[in-house]
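Structure at a glance
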Amino acid sequence: MKLAIMLYGNRVSPRFGYSQAVMLVEVSGGEEIRRKTLEVVDYYPEQIPVVLSKEGVEVVISGGMNHHFQNLFRLR
């Protein structure tokens, strides 16, 4: 499974649209297999769900996400 942790500095971003980067973590059998960080400051927040979908992300961790972004993820 791949998960995305939305980052603001070195912490979990308090809101999805304020993320500066995203840490992508691949997990299998309860063990971390791979980890990489993508800078997202040059993306519009609405582009991030597309990027995460292309990366195969199944779970997004963020402090909060408004309905607008929730709907963008539902469309993927």
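As shown above, the structure is provided for reference.
A short tour of the structure in this document, coming up. (Residues numbered from 1 in each chain as written. Predicted model: local features only at pLDDT ≥ 70, side-chain atom pairs only at ≥ 80, totals over all residues. Heavy atoms only, no water.)

A word on the side chain of S13. Mapped onto the fold, S13 is located in the loop between β2 (11–12) and β3 (21–28). S13 sits in the buried class, given a relative accessible area of 0%. A distance of 2.6 Å separates a polar atom in the side chain of S13 from the backbone oxygen of R15. (Helix = DSSP H or I, 4+ residues; strand = E, 2+ residues; numbered from the N terminus. Buried < 20%, exposed > 50% of the residue type's maximum accessible area, 1.4 Å probe, protein only. Polar contact = N/O pair within 3.5 Å; in protein donor to acceptor, adjacent residues only side chain to side chain.)

As paired elements, strand β1 (residues 2–8) and β3 share six bridges and run antiparallel to each other. The residue bridging I5 from the neighbouring strand is M23, located in β3. Sheet topology note: the β3/strand β4 (residues 31–39) ladder contains eight bridges and is antiparallel. By the bridge assignment, M23 is partnered in β4 with T37. (Pairing = 2+ DSSP bridges.)

By size, the foremost hydrophobic cluster in this structure holds 10 residues: A4, M6, F16, V22, L24, V40, I48, L52, V57 and F69. For this core, the elements supplying multiple residues, two or more each, are β1, β3 and α1 (48–54). Aside from chain neighbours lying at most four places away, what touches A4 is V22, M23, L24, L52, V57, V59, V60 and I61. If you look at the next biggest cluster of nonpolar residues, it comprises six residues, including I5, L7, M23 and V25. (Core = buried A, V, L, I, M, F, W, Y, C linked by side-chain atoms within 4.5 Å. Contact = heavy atoms within 4.5 Å.)

Moving on, we get to the environment of G9. With respect to the secondary-structure elements, G9 resides in the loop between β1 and β2. On a C-alpha basis, the gap between G9 and P45 in space is 16 Å, while along the polypeptide they are 36 residues apart.

Judged by side-chain polarity, M1, V12, V59 and I61 come together as a nonpolar surface patch covering roughly 310 Å² of accessible area. Looking at the secondary structure, you find V59 in strand β5 (residues 59–61). Here V59 falls in the partly exposed class, since its relative accessible area comes to 32%. (Patch = residues over 30% accessible without salt bridge, like charges linked within 9 Å, V, L, I, M, F, W, Y side chains within 5 Å. Areas by Shrake-Rupley, 256 points an atom, 1.4 Å probe, with all protein chains shown as cover. Salt bridge = Lys/Arg side-chain N within 4 Å of Asp/Glu carboxyl O.)

β1 sits mainly inside the fold: five of its seven residues count as buried. Alignment of β1 against β5, held across three bridges, turns out to be parallel. Residue pairing for β5: I5 is matched across the bridge by I61. Across two bridges, the pairing between β1 and β2 is antiparallel. For Y8, the partnering residue across the bridge sits in β2 and is R11. Counting the residues that bridge the hairpin from β1 to β2 gives two residues, and of these G9 lies at a positive phi of roughly 70°.

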